[in-house]
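# Reading the structure
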Amino acid sequence: MSQHKYKNKHFGASLRAATQGIVKSFKTERNLKIDLLMAILVIIISCLVHISLTHFMIVFILIGGVISLELMNTAIEQTVDLVTEEWHPLAKAAKDMAAGAVWFFSIISAIIYMMILYDTLS
């Protein structure tokens, strides 16, 4: 198998592949659907309480970070599943660490958002 089999030759092809990956992930991954629902809820609340533009930019960075990490987590899980179908402690560790990265950033994001709400409402 050629090492370039999956390499996109054109920028447009790269964008299409990235879009396909995002769409497939949102269709198949429960946690991404939850993340999107929470993002919509956060955006609605932010609009209702009139957070500042700077705070809105921070919120979008946090949302982008959580969703990007969830996409990476999905990629890692699928890669591990491709490499081995058998249970292995290193495969479990890789999946757990990737999930942990999403969880950690989500908690930090929630704390920052609570601080933004506190600052806005006080």
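Above this text is the structure in question.
We now turn to the structure provided with this report. (Residues numbered from 1 in each chain as written. Predicted model: local features only at pLDDT ≥ 70, side-chain atom pairs only at ≥ 80, totals over all residues. Heavy atoms only, no water.)

### What about the packing of helix H2 (residues 30-49) against helix H3 (residues 53-83)?
One way to put it is that H2 packs onto H3 with a least axis distance of 10 Å and a crossing angle of 175°. Our classification of the angle between H2 and H3 gives roughly antiparallel. Within the contact between the two elements, H2 uses Asn 31, Leu 32, Asp 35, Ala 39, Val 42, Ile 43, Ser 46 and Cys 47 and H3 uses Phe 56, Val 59, Phe 60, Ile 63, Val 66, Ile 67, Glu 70 and Leu 71. Per-class residue counts for the contact of H2 with H3 are 12 nonpolar, two polar and two charged. (Axes fitted to C-alpha atoms, helices over the stretch in contact; angles between N-to-C directions. Helix = DSSP H or I, 4+ residues; strand = E, 2+ residues; numbered from the N terminus. Parallel < 35°, antiparallel > 145°, perpendicular 65-115°, else oblique. Contact = heavy atoms within 4.5 Å. Nonpolar A, V, L, I, M, F, W, Y, C, P; charged D, E, K, R; others polar.)

### Digging into a nonpolar patch on the surface
On the surface, a cluster of nonpolar side chains totalling about 640 Å² of accessible area is made up of Trp 103, Phe 104, Ile 107, Ile 108, Ile 111 and Met 115. When you line up the elements, Phe 104 lands in helix H4 (residues 89-121). (Patch = residues over 30% accessible without salt bridge, like charges linked within 9 Å, V, L, I, M, F, W, Y side chains within 5 Å. Areas by Shrake-Rupley, 256 points an atom, 1.4 Å probe, with all protein chains shown as cover. Salt bridge = Lys/Arg side-chain N within 4 Å of Asp/Glu carboxyl O.)

### Overview of the nonpolar core
Grouped together as the largest cluster of nonpolar side chains are 11 residues: Leu 32, Ala 39, Val 42, Ile 51, Phe 56, Val 59, Ile 63, Ile 67, Tyr 113, Ile 116 and Leu 117. Elements supplying a minimum of two residues to this core: H2, H3 and H4. In terms of residue count, H3 provides more of this core than any other element does, four residues in total. (Core = buried A, V, L, I, M, F, W, Y, C linked by side-chain atoms within 4.5 Å. Buried < 20%, exposed > 50% of the residue type's maximum accessible area, 1.4 Å probe, protein only.)

Interpretation note: all reported values are geometric properties and have no functional meaning in isolation.
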